[in-house]
Amino acid sequence: MEHTASALPQPATSYTRVRGDGSAYLVGSRCTQCGAKFLGERGNCGHCGARDALESYELASRGRLYNYTIVNRSYPGITVPFVSAVVDLEDGTSIKGNLIGVEPVAEAIPFGMPVRVVFRPAETANAEARGFVAHFFEPA
Amino acid sequence: MADVYVTGIDMIRFGRYPDRTVVQLAAEAALGALDDCGLGIRDIEALYSGNIGETMTGQRTLQLLGQTGIPVVNCTNACATGATAFREGWTAIKAGLYDIVLCIGVEKMQPGMIVKKKVGNEPLPAEGVIGSETMPAVFGMMGMEHSRLYGTTLEQFAKVSVKNHHHSTLNPKAMYQKETPLEEVLNAEMIAYPNTKLMCSVNVDGAAAAVLMSEKKARELGLARRAARVLASALASDPWTERNLVMQDVNTVTQYAARTAYEMAGVGPGDLDLVELHDCFATAEIPHYENLGLCPAGEGGRLIDAGETALGGRIPVNVSGGLLSKGHPLGATGIANIYEIVTHLRGEAGARQVPNARIGLTHVVGLGSACAVHILEKV
C-alpha cells in the first residue's frame, strides 16, 4: 500500500531518510581519501580536510553498545528516565540515540551488548514530536 | 619574546547576585585586580573581556570604570571563555603591542540545568529523542567511558565531590562552605548516571580579573615581588576523533593543550605543586588527572582513593573547591582558576595554602570544544 506524501512520517534528524512505504533508514558519509565516517551527508572531510571526496551510504542496522548514561533529569517536557546511548555500528559508524527495551538501571545494561537499530514514532520519547520518526536501539 | 607577568588579580565571592548586573560584577572584579597592583584604569592599554551571556560586555564594563578609548576585545569560547580572554591579553603582550592589559571574565547564571540552544538544521530538538545532550548526561558518559575502560566506580567519582566540597570549606570566596560526606553525595538525587546532584557543578554568578604586564614593566613599577610568571598559555580545539561527533571527547583536546603547555613551559607534571582543573562534573576530574599527566592512564581512580589529590596530598587538585563547590560562572571560571593559583604562589591562600607552592597549572574545557591550559610560576 502506498503512503500519500502527507501521511509519511517526517525524519527526526538530518540523517534520517523516509522511504515511500514509510520505512526509514539512516545515512552516513565516508571519506574516499582517509576512510573517516560521519553521520549524514557533508561536503568536506572533518578528519583529513579532503574536499568533495565523500560518498554517502546507508548505515548498518546492527551494532554494539559502546557507552551510555541513564538520564533521570532532562529538559522540561521530556519523559524520564531514559537511556542515552552511543552505539558502534557494524560498518564502523558511531551513532547516538535512546536505548529502549531495557530496565534503566546500570546493572541491566552491559557495555558491548549487541543492539539493533529500530524506528519508532518520536512522540514515544517526546510528546511534542508527533509525526516524526526516529531511530532507537533495542537489545538484539 | 618578553615574559608575561600577572601582577594584579582578584575575584568576587561566587554566589547569587539577583540585584546586580553582569557589568557591575565585572567592574568590581576589575577594580579589585587594579587595586591589587596599585594601578588605575588609565594605566590599562587594552581590555580582553570574557562573557557568554551578553554582548559588548567589555565596553559596558568600561562605562563603569572609565571610558579611555582603549581597544576592547570581547571573547566567547564556552567554559573556556575567561581563559581565552586571559590568553588574548597574554598574546598581545608577547607580541609587544602593549605593556599593561586587563583581562576580565564574568557571568550571571540561572540556577538549575543549562538548556542548550538549538543549532544547525536539525528538524527537531534532539533532547530526549536522540539520546541526551544535557551537560550532566554528556559528562555522565565521560565517566561511564572511564568505567568501561578502567573499572572506575561510582564511589570513586563521588569521592571527587567529597574532596572538593571539603576544600571549599577553607575558601571564603567559594559559593559553598559545607562538607558533603560520601553517603550524602551517593544518596543525592541521581541526575544522569553516575552523576548525582552533588556531583554537578553549581551555576552561580561570578567575576574575576587579572592585570597582565610585560616583565620589564612589572620590574619598572616594582611589582615583581608578588607577581606570577606565565610559563605557558596553550589553547586547543578538539581534533577529529572516532566518536567525537556523537559523544563529546574532552579528553583528546585536553591532552593536546596539556602537551603544548608542558613543552612551552619546559616543565612536566611532576614539577607542579597544585592544579585547578575543570571539574564541571565529578566524573570529569578523574579522567583529567590522566589527560594532564598527573598519573598514567587508568590510575585516576587510585589517585582519588589514595588521597593524592587532596590538600596535603602529592598533587592537590581543586583546593579552591573547584567548579563543584566554589561554583562555575562560565565566563569567569578560567580567570578564577588563575586567581587561585596566583594566590598560592604568593603564599596568601590562608587555611587552604599549599605549602611552598612554586608552580601551578590551570585547565578549563569549553564544550564543543576548546581547552585552555596555563602554567604559572612564582617569580
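Residues numbered from 1 in each chain as written. Chains lettered and ligands numbered in written order. Predicted model: local features only at pLDDT ≥ 70, side-chain atom pairs only at ≥ 80, totals over all residues. Heavy atoms only, no water.

A. Structural detail: the overall build of chain B. Secondary structure assignment for chain B yields 12 helices and 11 strands. Whereas a compact globule of 379 residues would reach a radius of gyration of roughly 21 Å, chain B reaches 19 Å, a difference of no more than 12%. Seen along its three principal axes, the alpha-carbon backbone of chain B occupies a region of about 55 × 50 × 40 Å. Relative to its 379 residues, chain B shows a buried fraction of 63%. Contacts in chain B between residues far apart in sequence, at least 24 positions, make up 77% of those at least 6 positions apart. For chain B, the exposed surface amounts to about 13400 Å²; the carbon and sulfur share of it is 52%. Across chain B, the mean location of the 32 positive side-chain charges is 4 Å away from that of the 40 negative side-chain charges. (Helix = DSSP H or I, 4+ residues; strand = E, 2+ residues; numbered from the N terminus. Rg over C-alpha atoms; globule rule 2.2 N^0.38 Å. Buried < 20%, exposed > 50% of the residue type's maximum accessible area, 1.4 Å probe, protein only. Contact = heavy atoms within 4.5 Å. Areas by Shrake-Rupley, 256 points an atom, 1.4 Å probe, with all protein chains shown as cover. Lys, Arg positive; Asp, Glu negative; His and termini not counted. Charge placed at Lys NZ, Arg CZ, Asp CG, Glu CD.)

B. Quick peek at the overall build of chain A. Within chain A, the secondary structure is distributed over 0 helices and 10 strands. If you list the helices and strands of chain A from N to C, you get β-β-β-β-β-β-β-β-β-β. If you line up chain A on its principal axes, its C-alpha atoms span 40 × 40 × 30 Å. The buried share among the 140 residues of chain A stands at 46%.

C. Structural context of the nonpolar core. Residues and elements named next belong to chain B. Counting residues in hydrophobic clusters, the biggest one holds 47 residues, and the most contacted among them are Tyr262, Leu272, Val275, Tyr289, Leu292, Leu294 and Ile375. Element by element, the count of residues in this core is highest for helix H8 (residues 250–265), at 7 residues. Apart from the residues lying within four places of it in its own chain, the contact partners of Leu272 are Tyr262, Leu294, Ile315, Ile359, Gly360, Leu361 and Ile375. (Core = buried A, V, L, I, M, F, W, Y, C linked by side-chain atoms within 4.5 Å.)

D. A look at the interface of chain A and chain B. The interface of chain A with chain B comprises 45 residues on the first partner and 33 residues on the second. The largest share of the area that chain A buries against chain B comes from Tyr66, Arg73 and Tyr75 of chain A, three residues that together contribute 24% of it. At the junction of chain A with chain B, the criterion picks out 2 salt bridges. We note a salt bridge from Glu189 of chain B to Arg73 of chain A, for which the minimum N-O separation is 2.9 Å. Our count for the chain A to chain B interface comes out at 16 residue pairs in polar contact (both at pLDDT 80 or more). (Buried area = accessible area lost by both parts, 1.4 Å probe. Salt bridge = Lys/Arg side-chain N within 4 Å of Asp/Glu carboxyl O. Polar contact = N/O pair within 3.5 Å; in protein donor to acceptor, adjacent residues only side chain to side chain.)

E. Quick look at the state of the cysteines. Taken as a whole and assessed by the stated rule, the structure comprises 0 disulfides over all chains. Cys31 of chain A forms no disulfide, and the closest cysteine sulfur to it belongs to Cys45 of chain A, at a distance of 3.7 Å. Using a relative accessible area of 2% as the deciding quantity, one classes Cys31 of chain A as buried. Considering cysteine sulfurs only, Cys280 of chain B is the nearest to Cys79 of chain B, which forms no disulfide, with 6.8 Å between them. (Disulfide = S-S within 2.5 Å.)

F. Quick peek at the packing of H8 of chain B against helix H9 (residues 282–291) of chain B. Residue and element names in this part refer to chain B. Taken N-terminus to C-terminus, the directions of H8 and H9 make an angle of 40 degrees; their axes are 9 Å apart at the nearest point. Put simply, H8 runs oblique to H9. Viewed along their axes, H8 and H9 form a crossing whose handedness is right-handed. Residues Val250, Asn251, Thr254, Gln255 and Ala258 of H8 touch H9, and the partners they reach there are Pro287, His288 and Asn291. Considered class by class, the residues forming the contact of H8 with H9 number 3 nonpolar, 5 polar and no charged. (Axes fitted to C-alpha atoms, helices over the stretch in contact; angles between N-to-C directions. Parallel < 35°, antiparallel > 145°, perpendicular 65-115°, else oblique. Left-handed = near helix turned anticlockwise from the far one by under 90°. Nonpolar A, V, L, I, M, F, W, Y, C, P; charged D, E, K, R; others polar.)

G. Spotlight on the pairing of strand E8 (residues 94–99) of chain A. Residue and element names in this part refer to chain A. Among the 6 residues of E8, 6 are classified as buried, and the element is accordingly described as predominantly covered. Bridge count between strand E7 (residues 82–89) and E8: 6 bridges; the pairing is antiparallel. Residue pairing in the sheet places Asp88 in a bridge with Ser94 of E8. Counting the residues that bridge the hairpin from E7 to E8 gives 4 residues, and of these Gly92 lies at a positive phi of roughly 95 degrees. (Pairing = 2+ DSSP bridges.)

H. Spatial organisation of the sheet that holds strand E9 (residues 274–276) of chain B. Residues and elements named next belong to chain B. Here 9 strands make up an open sheet; going across it, the order is E3-E2-E4-E7-E1-E8-E11-E10-E9 and the pairing mixed. The open sheet has two free edges, formed respectively by strand E3 (72–75) and E9, since each of these has just one partner strand. On average, adjacent strands in this sheet sit at an angle of 25 degrees to one another, irrespective of strand direction. By the bridge criterion, 8 bridges tie strand E4 (residues 100–107) to strand E7 (residues 206–214) in an arrangement that is antiparallel. In the strand pairing of E7, Glu107 is matched with Gly206. The sheet contacts of helix H12 (residues 330–345) involve strand E1 (4–11), strand E2 (46–50), E4, E7, strand E8 (228–237), E9, strand E10 (359–366) and strand E11 (370–378), and relative to E10 the element is tilted by about 170 degrees.

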